[in-house]
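# Summary of structural features
Here's the letter readout for the chains.
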Number of protein chains: 2
Amino acid sequence: MEQKTSQNTTPSTPKGFRDFLPEKMRVRQYVTEVLMDVFESFGFEPLQTPTLEYASVLQGKYGEEADKLMYVFEDRGGRKVGLNYDLTVPTARVLAQYQGKIPLPFKRYQIQSSYRAENPQKGRYRQFVQCDVDTFGVSSPLADAEIIAIIYTALKRLGFLEFKIRINSRQVLFGILQDAGIGDKKLQLSVLQSIDKLGKKAEAEVEEELTSKGLSSDGIKSLFEAIKKATPDENLAQMFSYLDQFGVSRDCWEFSPFMARGLDYYTGPIFETVLEKPKIGSITGGGRYDDLVSQLGGPNVPATGTTIGFERICDVIEELGLLRDELEGNRGILVTVFSLELVDQSIKVLNLLQESGNNVTLYPDPNVPLEKQLSYANKKGIPFVVIIGPDEKEKGTALIKDMESGEQETVKQENIGKAITKQAIEFGTKAVVVLG
Amino acid sequence: MEQKTSQNTTPSTPKGFRDFLPEKMRVRQYVTEVLMDVFESFGFEPLQTPTLEYASVLQGKYGEEADKLMYVFEDRGGRKVGLNYDLTVPTARVLAQYQGKIPLPFKRYQIQSSYRAENPQKGRYRQFVQCDVDTFGVSSPLADAEIIAIIYTALKRLGFLEFKIRINSRQVLFGILQDAGIGDKKLQLSVLQSIDKLGKKAEAEVEEELTSKGLSSDGIKSLFEAIKKATPDENLAQMFSYLDQFGVSRDCWEFSPFMARGLDYYTGPIFETVLEKPKIGSITGGGRYDDLVSQLGGPNVPATGTTIGFERICDVIEELGLLRDELEGNRGILVTVFSLELVDQSIKVLNLLQESGNNVTLYPDPNVPLEKQLSYANKKGIPFVVIIGPDEKEKGTALIKDMESGEQETVKQENIGKAITKQAIEFGTKAVVVLG
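In what follows, the accompanying structure is described. Bear in mind that the values here come from a model prediction, so they are computed numbers and not experimental data.

## Some thoughts on the overall build of chain A
Within chain A, the secondary structure is distributed over 18 helices and 16 strands. Principal axes of the C-alpha set define a box for chain A whose edges measure 90 × 55 × 50 Å. Classification of the 436 residues of chain A by burial places 57% in the buried group. Across chain A, the fraction of contacts at a sequence separation of at least 24, relative to all contacts at a separation of at least 6, is 67%. Accessible surface computed for chain A: about 18,800 Å², of which carbon and sulfur atoms make up 48%.

And the structure:
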């Protein structure tokens, strides 16, 4: 009974919110680092906006459904504020607020949390990291191609081997719809939403949906035929040639005329990436949205960009245990403390190991028996343990213990940096697993 | 009139919340990177907690004053939640929630935003990054010394030359108070708060304050005398000897018997760092707090650690223009696009530059005249511009223009990586300014 009470009062995070303990943090840091590195190599610059925005900036931008999922409240001054729902609306605000101060083209990336009060479910969280890369102020398909080159480079760098970037164009689709006699903009967008479901739903189901939207059975058939026969327009063809120049492998992208993207605001090329192995669906989504920034309260600037599914990528890496060994290298080395009298020896070896570029954990309590320190290393999965006892002190040596194999090696203290690095490389080589 | 209206509606961030445009972000990324690197080199592990906590986790932990500054609200499910006010309370929750799953000692660092509805003023923001490094589960002064070694290493690595880490011990201070006949715990803490002001306020003022707390004039005099003559106790002496072993230079720390720290919860060694040049006061603060984690709802574990003043450090670096040139290196290279026909040449050179490890901005619009592309480089402070026109294409070369000196150099395209790196190093060497 008492235990139950105490369990009930165990503090926890609110539903849909997560702690990231070190092991998970390492995956997130690794993914962040790779992405930032790629963005920076293309000259994209970092931007960060605050967690709180005025509610007036956030609301009424993405429809009622989104407004319902926003964390909006009154602060102590009675001002209505909210947690950022995505990164596009805050960026549109930045472009409006600093107009004239940010030179265009503005190539920026933004990796930070967004907040949505959705029903938590597998892979869906109320606080989640979004990663957006966009170019503002350029209409040329060169900018679109560059975004795709970034996606390609980032996924390769993350170790994904089999993925396909599906590319299409809203202009191509609108042209086909126009030719099919569907001229009303609203109906066009509604039809595109149905067409976008073709990959996920049965053709009959999509046909039914289109019928309910007022299309005739013959009309639907000839529409599907027309899309099937679609070819890239001049703008898209130009973009494809840029992809070759950027070195984006032809195996990794395809012209995908039925891919329409769900959101209304795209105006030109659209693209999404499907991971084929493991088969987990789309991990990037984006395209050109020349009218959106001004609709969101920003200046009238053309824009193109993509979201990279940060959470999904981290989940995949973690679920499949990929990179486990690459990350293991981070767990480094435990320098034990033999006794109160020998603390100086341990600190000396710690310094030597750090100087040779190693991350080292000193066991920070000389009152704990060595045996317990070793079991600590085991619990934490630390691959190497260093021991300096009275014998080692006398001879100026240190004992390195490989916790996996149990093998031990005695080395001169001044050589310990080199010795561990050598072992770590051997360890690393035998253990590296390539993703995919 | 119309303009005024449009100005009034220019969107902005809520008071006390900030955007970080690329230039500021680079400073923050640099400081974050250096700190993380140092923490990891000592085997400290990353932890991240969510932005939202249950209000019951946050409230009533640091007194009424703090509760008034918390962003607390009801979510749509009617649950009271709040934005994290600091990183210590969430960590105490983590230690309680994952008890038994996190092996002790737990050495963790945490760098993330906290939120306080304070009156915004220079250097004080409502959303600010906190940086905490702590060891949980160890009573030994070795753990305290290690925290100080981390502070020392981090500040050195950030380029600060003249700073002093002031060290004292609550145990020493409590002993002196006891000897002076001040035995009541509450009075002891109140007296310590006054004594801590001695560096900042006139002695007479502090004496007055102590008188109002019931101390006699003679009592105050002999108390000051006793503190002046204070010597480290055994625990502190042990810690000092560890500092030597860690290689913390004697010039950078001092036993500072009047330094008492403001917060009530410290139980052992306490330490803070004062930057002497530029003279901006304290940039780190911490100490041992063996009872706090359980008071905050966590398990009963000893703890020691420090806060590093992330925002203050970034402000100093920025205000003084320090690191400007080091960060300039990040702005890299602009590859211009001469014309629609020569886009392939520019992408080729972009690829070559990236392969040799450079961050490169491709001007993503071939329809913009070269002149405008050059003025874009100027506006953004990009030091190098690369041009490939028809002549260069024919000869397989590229023109590198140093935007500062105006000097130009023509190099073979395949050598451009080396050529730019050489120039950048020369540029870097002449421009590097060391902080301090």
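Next comes the rest of the description.
## As for the packing of aromatic side chains
Evaluation of the coordinates by the stated rule reveals 24 aromatic pairs over all chains. For the ring pair A:Phe17 and A:Tyr71, a centre distance of 6.1 Å and an interplane angle of 65° mean the geometry is edge-to-face. One end of the pair, A:Phe17, is in the loop between α1 (2-8) and α2 (22-41); the other, A:Tyr71, is in the loop between α4 (64-68) and β3 (72-74), and 54 residues separate them in sequence. Like A:Tyr71, A:Phe17 is buried. Note on B:Phe39 and B:Tyr109: the rings are 5.3 Å apart at their centroids and 45° apart in plane angle, and the pair reads as tilted. Taken together, the residues B:Phe39 in helix α2 (residues 22-41) and B:Tyr109 in strand β5 (residues 106-115) connect sequence positions 70 residues apart.

## A few points about the pairing of strand β16 (residues 408-412) of chain A
Inspection of the sheet shows strand β15 (residues 397-402) of chain A paired to β16(A) by 5 bridges, in the antiparallel sense. What sits directly across from A:Lys401, in β16(A), is A:Gln408.

## Let's talk about unusual backbone geometry
Residue A:Pro105 follows A:Leu104 across a cis peptide bond; omega there is 0°. With respect to the helices and strands, A:Pro105 occurs in the loop between α5 (88-97) and β5 (106-115). Its identity as a non-glycine residue notwithstanding, B:Arg261 has a phi of 60°, on the positive side.

## Focus: the side chain of B:Thr88
In this structure, B:Thr88 sits in helix α5 (residues 88-97). With sequence-adjacent residues up to four places away left out, B:Thr88 is seen in contact with B:Tyr62, B:Asp132, B:Leu292 and B:Leu296.

## Concerning the interface of chain B and chain A
Taken residue by residue, the interface counts 89 residues in chain B and 88 residues in chain A. For the pair chain B and chain A, the summed buried surface comes to about 7,700 Å²; carbon and sulfur atoms form 58% of the total. Looking at the side of chain B facing chain A, the largest losses of area belong to B:Gln48, B:Arg76 and B:Pro364, adding up to 8% of the total buried there. Linking chain B to chain A there are 6 salt bridges. Note that B:Glu45 is salt-bridged to A:Lys380, the shortest N-O span being 2.5 Å. For the pair chain B and chain A, the number of links is 38 residue pairs in polar contact (both at pLDDT 80 or more). Looking at the side of chain B that touches chain A, the element that brings in the most residues is α2(B), giving 7 residues. Of the residues contributing to the side of chain B that touches chain A, the split by class is 47 nonpolar, 22 polar and 20 charged.

## Observations concerning the sheet that holds strand β11 (residues 303-308) of chain A
Residue and element names in this part refer to chain A. The strand order β1-β5-β6-β11-β10-β9-β7-β8 describes an open sheet built from 8 strands, whose pairing is mixed. The sheet is open, and its two borders are formed by β1 (45-46) and β8 (253-255), each paired with just one other strand. As defined by bridge partners, strand β7 (residues 163-169) adjoins β8 across 3 bridges and the pair is classed as parallel. Bridge pairing in β8 places Arg166 opposite Glu254.

## With respect to the pattern of salt bridges
Scanning the entire structure with this criterion turns up 42 salt bridges over all chains. The salt bridge involving B:Arg93 is made with A:Asp19; its shortest N-O contact spans 2.8 Å. Linking B:Arg93 in helix α5 with A:Asp19 in the loop between α1 and α2, this pair reaches from one chain into another. Residues B:Glu209 and B:Lys213 are paired through a salt bridge, measuring 3.5 Å at the closest nitrogen-oxygen approach. A residue is classified by how much of its surface remains accessible, and B:Glu209, at 19% relative accessible area, is buried. Connected through salt bridges with shared partners, the residues A:Arg18, A:Arg28 and A:Glu311 form a single ionic network.

What counts and how
- Residues numbered from 1 in each chain as written.
- Chains lettered and ligands numbered in written order.
- Predicted model: local features only at pLDDT ≥ 70, side-chain atom pairs only at ≥ 80, totals over all residues.
- Heavy atoms only, no water.
- Helix = DSSP H or I, 4+ residues; strand = E, 2+ residues; numbered from the N terminus.
- Buried < 20%, exposed > 50% of the residue type's maximum accessible area, 1.4 Å probe, protein only.
- Contact = heavy atoms within 4.5 Å.
- Areas by Shrake-Rupley, 256 points an atom, 1.4 Å probe, with all protein chains shown as cover.
- Phe/Tyr/Trp six-rings, centres within 6.5 Å; stacked < 30°, edge-to-face > 60°.
- Pairing = 2+ DSSP bridges.
- Buried area = accessible area lost by both parts, 1.4 Å probe.
- Salt bridge = Lys/Arg side-chain N within 4 Å of Asp/Glu carboxyl O.
- Polar contact = N/O pair within 3.5 Å; in protein donor to acceptor, adjacent residues only side chain to side chain.
- Nonpolar A, V, L, I, M, F, W, Y, C, P; charged D, E, K, R; others polar.

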